[in-house]
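Architecture at a glance
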Amino acid sequence: MILLERAAAIVGAGNVLSAAEDVQPFVNDWRKRYRGRPLAVVRPGSTAEVAALVRLCAETGTSIVPQGGNTSLCGASVPDASGQQLVISLVRMNKVRAVDALNNTLTVEAGCILANVQKAADAVDRLFPLSLGGEGSAVIGGNLSTNAGGLNVLRYGMTRDLVLGLEVVLADGRVWSNLSPLRKDNTGYDLRHLFLGAEGTLGVITAASLKLFPAQRGSATALVAVPTPAAAVQLLARLRERLGDLVNSFELIPQVAMQLLAKHLPSARQPLAATAPWYVLCEATSADASDPLADKLGAGTIAVGTIYEALRAMQLFHGEVIVLEPFNHRDEFTQQTWAQIDATEYRGRLIRVVDNPAALDYLAESTEVVDVLLEGRTAMNRFGMDAVTLHEAWLKHA
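Residues numbered from 1 in each chain as written. Predicted model: local features only at pLDDT ≥ 70, side-chain atom pairs only at ≥ 80, totals over all residues. Heavy atoms only, no water.

Structural notes on the overall build of the chain
A tally of regular secondary structure across the chain gives 15 helices and 17 strands. In the chain, buried positions account for 47% of the 398 residues. In the chain, of all internal contacts separated by at least 6 residues, the share reaching a separation of at least 24 is 72%. Of the roughly 19300 Å² of accessible surface on the chain, 53% is carried by carbon and sulfur atoms. (Helix = DSSP H or I, 4+ residues; strand = E, 2+ residues; numbered from the N terminus. Buried < 20%, exposed > 50% of the residue type's maximum accessible area, 1.4 Å probe, protein only. Contact = heavy atoms within 4.5 Å. Areas by Shrake-Rupley, 256 points an atom, 1.4 Å probe, with all protein chains shown as cover.)

Pasting the structure below:
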């Protein structure tokens, strides 16, 4: 076919794939739910080659499917079954063009694997914060074209928020290049946002200038049981009040996910003694290794999670629960939570004790909140209680 011969003249015959066994990795989605049949798969090695291929396809009226790491879970990077579409795979364009640690910027080609982008930043003691499950095979061009979210959106934003400039091949084969690492730029239209999240419909991204951040040397992670998604939202608000922008991740996990984990990975220990309808997995990080993140994170999570843990502990230990509650009763969340408890079957069984020094002394011996929750029987024996949960004041007491 003349089109494929011309394509081979642009990228080299070895980079035009048409045999069924050769195109196999490029025609199935990650979950094997979608399968296409391309005219061919072409692997350019430079922006100039991409531009030449796009001009060729524009001339011949051939449909293009730009493809990165092909890690899509919804079939977006798979060609249709017509046999008439040309897949342009950018996997050969995988160079790190420039790293500027002083300006906290990194310029990479679109086929660079996300994990390698992270490593390039780490090599100069910097952080590229985009992180997701497929980072070992997903490429940055696909992340940009889909405006990927990832784990750290709360602190660093979506992928588009990490981009300073782009290089894009337009639909007619022209190259629009604005890889400037300049942050303060008010000169006219900001065209990069047309292409970020456009999934290749307006042009093929070939390179990007990305933001870097200081390396994070301290981290703390907490798993918190919450009764409802609304309580999780309240927890997030409290954490942000305490930690500011140090909150990286905040993932809501339903009970069914824990049940599936126990079913399919029975060797995995359930992290909390009692079950809950919802859990939150949250992480905070800091560039300062001495920052007491665990204390800050613990203080922020206990106030929301403890009352619910107390209710669950009643079921676990079959009796009353002592809750240490030396916190501000003008706190709106606290008042609402106690009002909800008073309206349930637990009314009268949940005992509130304000400023119990002996209990606080005992609890202060533990540095991990989880230890306290799991050591309810020890507390029961020592204080004649069925279980003990606590609020943030014991951290201050310690």
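Side note on the environment of Gly-133
Turning to its location among the elements, Gly-133 is positioned in the loop between strand E7 (126–127) and helix H5 (140–146). Considered as a pair, Gly-133 and Gly-150 are 17 residues apart in the sequence and their alpha carbons are 7.9 Å apart.

Focus on the nonpolar core
Grouped together as the largest cluster of nonpolar side chains are 26 residues, with contacts concentrated most on Val-117, Phe-128, Ile-140, Leu-144, Leu-166 and Leu-210. At the level of elements, strand E6 (105–109), helix H4 (114–122), H5, strand E8 (163–170) and strand E10 (203–211) are the ones that each hand at least two residues to this core. Discounting chain neighbours no more than four positions away, the residues touching Leu-166 are Leu-144, Trp-176, Ser-177, Asn-178, Leu-179, Arg-192, Phe-195, Leu-196, Ile-205, Ala-207 and Ala-208. (Core = buried A, V, L, I, M, F, W, Y, C linked by side-chain atoms within 4.5 Å.)

Things to note about the sheet that holds strand E14 (residues 278–286)
Picture the strands of a sheet paired through backbone hydrogen bonds; they go either parallel or antiparallel. Taken in spatial order, the three strands line up as E12-E14-E13 in an open sheet, and their pairing is antiparallel. Two strands in the sheet have a free side with no partner beyond their single neighbour: strand E12 (218–226) and strand E13 (247–254). Within the sheet, the average angular offset between the axes of one strand and its neighbour, ignoring direction, is 15°. Sheet topology note: the E13/E14 ladder contains seven bridges and is antiparallel. Bridge assignment links Phe-250 to a residue of E14, and that residue is Cys-282. Here helix H8 (residues 229–243) sits on the sheet and contacts E12, E13 and E14; the angle it forms with E13, its principal contact strand, is near 165°. Docked against the sheet, helix H9 (residues 255–264) engages E12, E13 and E14, running at close to 80° with respect to E13. (Pairing = 2+ DSSP bridges. Axes fitted to C-alpha atoms, helices over the stretch in contact; angles between N-to-C directions.)

Considerations on the sheet that holds strand E4 (residues 86–89)
As summarised here, the arrangement of the four strands in space is E1-E2-E4-E3, forming an open sheet in which the pairing is mixed. Both outer strands of the open sheet, strand E1 (16–17) and strand E3 (64–67), are each paired with one neighbouring strand and no more. Docked against the sheet, helix H3 (residues 47–60) engages strand E2 (40–42), E3 and E4, running at close to 170° with respect to E4.

A closer look at a nonpolar patch on the surface
On the surface, Tyr-189, Leu-191, Leu-194 and Leu-202 cluster together into a nonpolar patch covering about 460 Å² of accessible area. Locating Leu-191 in the fold gives a position in the loop between strand E9 (175–178) and helix H7 (192–195). (Patch = residues over 30% accessible without salt bridge, like charges linked within 9 Å, V, L, I, M, F, W, Y side chains within 5 Å. Salt bridge = Lys/Arg side-chain N within 4 Å of Asp/Glu carboxyl O.)

Digging into H3
The terminal C-alpha atoms of H3 lie 20 Å apart, and with 14 residues this matches the ideal 20 Å at 1.5 Å per residue to within 8%. In the segment just after H3, Gly-61 is the residue with positive phi, at about 70°. (Expected span 1.5 Å × (residues − 1).)

Overview of the pattern of salt bridges
Applying the stated rule across the entire model yields seven salt bridges. The partner of Glu-59 in a salt bridge is Arg-6, and the shortest N-O contact between them spans 3.0 Å. Placement of Glu-59 in helix H3 and of Arg-6 in helix H1 (residues 2–11) is noted, with a sequence separation of 53 residues between them. Three or more residues are tied together by salt bridges with common partners; here these are Arg-97, Glu-109 and Glu-167.

Looking at H4
What H4 keeps buried is the set Leu-114, Ala-115, Val-117, Gln-118, Ala-120 and Ala-121. On its buried face, H4 is in contact with strand E5 (96–100), E6, E7, H5 and E10.

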